[in-house]
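# Coordinate analysis (summary)
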Amino acid sequence: WMPRVGGLSIVRVFTEEETADDYIVGELEAGVEDAHTPVVVTSDKELRKRCIALGAFVVSSEDLAEMLRL
């Protein structure tokens, strides 16, 4: 976890015991501790569907790269 401005964090997920996708979904299922909607960056269609179903806002890797160029 890397703290950012306004108390928001950017998280890169690497796992050994489970897939990173399952870890991310598990974190979403566990709920968010603050009032912010979680944002997941992925270009994986299946993970995208799972995250949206749990209320996350999903951005593709390509879209994020484009946004950061602004």
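Model, not experiment: these values are computed from the prediction. (Residues numbered from 1 in each chain as written. Predicted model: local features only at pLDDT ≥ 70, side-chain atom pairs only at ≥ 80, totals over all residues. Heavy atoms only, no water.)

### Concerning the overall build of the protein chain
Quick note on the threshold: Helix and strand assignments follow DSSP, with helices taken as H or I runs no shorter than four residues and strands as E runs no shorter than two, numbered in order from the N terminus. Every residue pair with non-hydrogen atoms within 4.5 Å of one another is taken to be in contact. Per-residue and other accessible areas follow the Shrake-Rupley method at a 1.4 Å probe size, with only the shown protein chains counted as cover for residues.
The helix and strand inventory of the protein chain stands at three helices and four strands. Along the chain direction, N to C, the helices and strands of the protein chain fall in the order β-β-α-β-α-β-α. Long-range pairs, those at least 24 residues apart, make up 17% of the contacts in the protein chain with a sequence separation of at least 6. Within the structure as shown, the protein chain displays about 5700 Å² of accessible surface, and the carbon and sulfur contribution to it stands at 55%.

### Considering the nonpolar core
Put simply, the rule is: The definition of a nonpolar core used throughout is a set of buried Ala, Val, Leu, Ile, Met, Phe, Trp, Tyr and Cys residues joined through side-chain atoms within 4.5 Å. Think of it in three bands: with a 1.4 Å probe and only protein chains considered, a residue is buried below 20% of the maximum accessible area for its type, exposed above 50%, and partly exposed in between.
Within the largest apolar cluster, eight residues are counted, these being Ile24, Val25, Leu28, Val40, Leu47, Cys51, Ala56 and Val58. Listed by contribution, the elements that provide at least two residues to this core are α1 (20-30) and α2 (45-53). Broken down by element, this core gets its largest block of residues, three residues, from α1. Once residues lying within four places of it in the same chain are set aside, the contact partners of Leu47 are Asp21, Ile24, Val25 and Thr42.

### Here we look at α1
Our working definition: This arc describes the spread of directions from the helix axis toward the C-beta atoms.
Among the residues making up α1, those that are buried are Ile24, Val25 and Leu28. The buried residues of α1 occupy an angular sector of 95° when projected down its axis, which confines them to one face. Turned more than 90 degrees from where α1 packs its buried face, Glu29 and Ala30 sit exposed. Residues of α1 that are buried in the fold lie against β3 (39-41) and α2. Note on α1: the residue one or two positions beyond its end, Gly31, has a positive phi of about 100°.

### Overview of the environment of Thr19
The test is simple: Two N or O atoms count as a polar contact when they lie within 3.5 Å, although within protein this holds only if one can serve as hydrogen donor and the other as acceptor, and sequence-adjacent residues are included solely when both atoms are side-chain atoms.
When you line up the elements, Thr19 lands in the loop between β2 (9-10) and α1. Overall, the relative accessible area of 43% leaves Thr19 in the partly exposed class. There is a polar contact of 3.0 Å between the side chain of Thr19 and the backbone nitrogen of Asp22.

### Regarding the environment of Cys51
Topologically, Cys51 is positioned in helix α2. For the pair Cys51 and Glu29, spaced 22 residues apart in sequence, the C-alpha to C-alpha distance is 9.2 Å.

Everything listed is a geometric property; what it means functionally is a separate question.
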